[in-house]
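# Architecture and fold: a report
The residues making up each chain are set out below.
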Amino acid sequence: MYAGVIETLDDTVGRLLAKLDALKLASQTIVIFTSDNGGLHVPEGPHPKVTHNSPYRAGKGFVYEGGLRIPLIVRWPGHVPPAALVDTPVINTDWLPTLLGLAGLPVPAGLDGVSLAALLTERGPVPKRSLFWHFPHYTNQGSRPSGAMREGPWMLVEYYDAENVELYDLSSDPGQRRDLAASHSERIAQMRAALADWRRSVKAQENRPNPNFDFSTYRQLYIDVDAGRFEPAQADSSQWESIWRWRKTMNEVLAGNRNVKP
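Residues numbered from 1 in each chain as written. Predicted model: local features only at pLDDT ≥ 70, side-chain atom pairs only at ≥ 80, totals over all residues. Heavy atoms only, no water.

## Focus: the side chain of Arg57
Condition: Numbering of helices and strands starts at the N terminus; helices are DSSP runs of H or I of at least 4 residues and strands are runs of E of at least 2. Using a 1.4 Å probe on the protein chains alone, a residue whose accessible area is under 20% of its type maximum counts as buried, one over 50% counts as exposed, and one in between counts as partly exposed. This count recognises Lys and Arg as positive and Asp and Glu as negative, with His and chain-terminal groups excluded. Salt bridges are defined by distance alone: a side-chain nitrogen of Lys or Arg within 4 Å of a carboxyl oxygen of Asp or Glu. Pairs of N or O atoms are called polar contacts if they sit within 3.5 Å, as long as, within protein, a hydrogen donor faces a hydrogen acceptor (for residues adjacent in sequence, only side-chain-to-side-chain pairs).
Examined against the element boundaries, Arg57 turns out to sit in the loop between strand 1 (31-34) and helix 2 (65-68). We note that Arg57 is buried and unpaired, the nearest opposite charge coming from Glu166 at a distance of 4.3 Å. A distance of 3.0 Å separates the side chain of Arg57 from the side chain of Tyr168, its partner in a polar contact. From its side chain, Arg57 meets the backbone oxygen of Gly228 in a polar contact 3.2 Å long.

This is the structure:
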């Protein structure tokens, strides 16, 4: 079923691009192919094994690279060079200023993103900046309330419910398997303060204590089984059995709390 959906998407994108070519509108049309999150790496619904994001860690719902790295292809014949590969990290909030800039329209001040117009047309780089993410939720994929910040090759991950942080050097550890927080206290302090300042600046929704918090269920679903460390591409049969037991428990908890208001 999943493969059929992907094939249909591929066919449909091909039909759309072919129609733009046939109508001679391709050079006047900016096509962006992207996503809102990385692939689902744990079982969900009727699918026993859906996909994985190897070599990146975790997937949908997580602020690790498997959840944050997404497809991005831009097509604009005569303006964006074909088959060019750009490795500059960008973020989806960049699209509003980018499209305004490419259309020759003024870009309002105070937007969250920056214009990628010069980068896409090979006229120059994007301004040097840090990237931020804020995801203050528990999810049925197994992720916990957290935020992240990327500064050059460094990625900070902060968990809000336990107030602990992790630090990774993506240039040498793209899979985020080696937490370097213990040996980089000064960098941790600086990046954590910058992430907190950014949250305040955008008036991000913060977490509040839940008076009905069930520690036993929390531990069972988010601590005893760390879905963020599950690696589907390398998992053996016992690991798959374990993650399926976790999925069954998660589903039962969700079904039992369906009518509970937050």
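Still more ground to cover, so stick around.
## What about the pattern of salt bridges?
If you walk through the whole model with that rule in mind, you get 14 salt bridges. Here Glu158 ties to Arg192 by a salt bridge, and the two come within 3.0 Å at their closest N and O atoms. Here Glu158, found in strand 5 (residues 154-159), pairs with Arg192, found in helix 5 (residues 185-201); they are 34 residues apart in sequence, far enough to count as distant. Arg192 gets classed as partly exposed once you look at its relative accessible area, which sits at 28%. For Arg199, the salt bridge is made with Glu206, and the minimal N-O distance between the two is 3.5 Å.

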